[in-house]
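An overview of the molecular structure
Given next are the chains, with one letter for each unit.
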Amino acid sequence: MVSASSDGSTGYRLRLSFPLKLLGLWRTDRNASNHRSFALVGLTFCLLLSLIVWLQHELEQRIGRIAQSREQLRLLPSGDVLKPALLGYHHLAADVLWLQVVQVLGQKEIPQPDYEWAYHALDVITTLDPRYVYAYDAGGIVLAELAGDIESSNRLLKKGLAANPEAWRLAFQLGFNHFFHLHDYRAAADYMAVAAQLPGRPAYVPELAARLYAEAKHPDLALHFLASMRQSTSDPSVIEALDRRRDEVLIERDLVMIEQAVGRYWKRHGRYPLSLAVLADERLLDRIPVEPFGGTYELDVETGQVWSSTHPRRLRLFRPDEMQPFTSASAMP
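Residues numbered from 1 in each chain as written. Predicted model: local features only at pLDDT ≥ 70, side-chain atom pairs only at ≥ 80, totals over all residues. Heavy atoms only, no water.

Considerations on the pattern of salt bridges
Any two side chains of opposite charge can pair, so long as their charged atoms come close to each other. Following the criterion strictly, the structure yields 11 salt bridges and no others. For arginine 246, the salt bridge goes to aspartate 243, with nearest N and O atoms at 3.4 Å. Here the residue arginine 246 and the residue aspartate 243 both occupy positions in helix α13 (residues 236-269), the gap between them amounting to 3 residues, near one helical turn. Residue class for arginine 246 comes out partly exposed when judged on its relative accessible area of 33%. Judged by relative accessible area, which is 17%, aspartate 243 ranks as buried. Three or more residues joined by partner-sharing salt bridges are found here, namely Arg230, Asp243, Arg246 and Asp247. (Salt bridge = Lys/Arg side-chain N within 4 Å of Asp/Glu carboxyl O. Helix = DSSP H or I, 4+ residues; strand = E, 2+ residues; numbered from the N terminus. Buried < 20%, exposed > 50% of the residue type's maximum accessible area, 1.4 Å probe, protein only.)

Okay, here's the thing in structure tokens:
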């Protein structure tokens, strides 16, 4: 019959298995060779193979018709309802539905409200195949970074981690979401500590977990986190979203550095500088940083406030008065 492997790898994971009794018919008997039996077995084998191919095609066509568009994906029956109706082909159905999701995500423009279908489709896929780790992994990034739906991303990742407790990437992504999007640094550190203890995790994960407990609010740690996430995906739209996040963090890091230099200038002169260039002239800054989106950094000479011309609203990973180390009673291994 046709079945699907659920090892969490990408791509179409199809394998064919045949009844052992049928293969056993190929054994020859030296004393009673029968060419007619061989011909019959060969014909049976060909018919069975044709039936398998036809069943696969029919199943793909039926599921494909269900999931030709975002609207149809949104209207999919729940996984619990769909699974019994697939008569044991639920792993293959999960593969076909995942391919449909990927095709929809590959469209150049998806209006933000249209991402509402994504969690439902991913929930159906992972109910059909709870061990489909890649669907949780990639789906979690899509929901958080493209759809901006952190709650649904966390719900999908927690579902995946419960079904696949050895999947370090799912705990890692939960740590990322809590750190970067929710600013819940303790929860982020705890999830990262879980990832650090799982098999297959990269060598940098324990160090990252330890740093989260010690200095969770530092922008350099956010950049490290984003670089790790970027290395783990090949989807161009996700990479673009992560690069945009990285540049926003770079702005925050630059602004904090400039604010600290402005504070040192105030202590030295009792007033704010007339321009940012003065900070470099007095060696309070090595140089004025380059704004990553092509804009400029601006200074209010009356208040000492600094901002980016392209991103006037601060990301605020932390504020200068919040720079005390974040500590935890938990000891890292």
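Picking up where we left off.
Quick word on the nonpolar core
Membership of the largest hydrophobic core comes to 66 residues, with the highest contact counts inside it found for Phe172 and Phe179. Leave out the neighbours within four places in its chain, and phenylalanine 172 touches Met192, Ala195, Tyr204, Val205, Leu208, Phe225, Ser228 and Met229. Judged by nonpolar contacts, the second largest core, of 14 residues, contains Leu255, Val262, Val278 and Tyr297. (Core = buried A, V, L, I, M, F, W, Y, C linked by side-chain atoms within 4.5 Å. Contact = heavy atoms within 4.5 Å.)

Topic: the layout of surface pockets
Volume-wise, the largest pocket comes out at about 370 Å³. Lining the largest pocket are 18 residues, and of these Tyr134, Ala138, Thr233, Ser234 and Asp235 sit closest to its centre. Secondary structure elements with two or more residues in the lining of the largest pocket: α5 (90-105), α7 (133-146) and α13. The biggest single contributor to the lining of the largest pocket is α7, with 5 residues. Partitioned by chemical class, the residues of the lining of the largest pocket number 9 nonpolar, 6 polar and 3 charged. (1 Å grid on protein atoms, 1.4 Å probe; cavity = no way out; pocket = protein on both sides within 12 Å on 5 of 7 lines; lining within 4 Å. Points joined across faces, edges and corners; volume = space filled by probe spheres on them. Nonpolar A, V, L, I, M, F, W, Y, C, P; charged D, E, K, R; others polar.)

Regarding α13
Count 3.6 residues to each turn of an α-helix, and residues three or four apart come out pointing the same way. Between its terminal C-alpha atoms α13 stretches 49 Å, which fits the 50 Å expected from 34 residues at 1.5 Å a residue. Of the residues one or two after α13, glycine 270 is the one with positive phi, at around 75°. (Expected span 1.5 Å × (residues − 1).)

Comments concerning the packing of aromatic side chains
Under the definition given, this model contains 7 aromatic pairs. Judged by centre distance (5.7 Å) and plane angle (0°), the rings of phenylalanine 176 and phenylalanine 180 are stacked. Placement of both phenylalanine 176 and phenylalanine 180 in helix α9 (residues 168-181) is noted, with a separation of 4 residues, approximately one turn of the helix. Phenylalanine 180 shares its class with phenylalanine 176; the two are buried. (Phe/Tyr/Trp six-rings, centres within 6.5 Å; stacked < 30°, edge-to-face > 60°.)

Considerations on unusual backbone geometry
The backbone phi angle of histidine 183 is positive, close to 55°, even though this residue is not glycine. Summarising the element assignment, histidine 183 is placed in the loop between α9 and α10 (185-196). The backbone of arginine 283 shows a phi angle near 60°, a positive value even though the residue is not glycine. Its place among the elements puts arginine 283 in the loop between α14 (276-281) and β3 (297-299).

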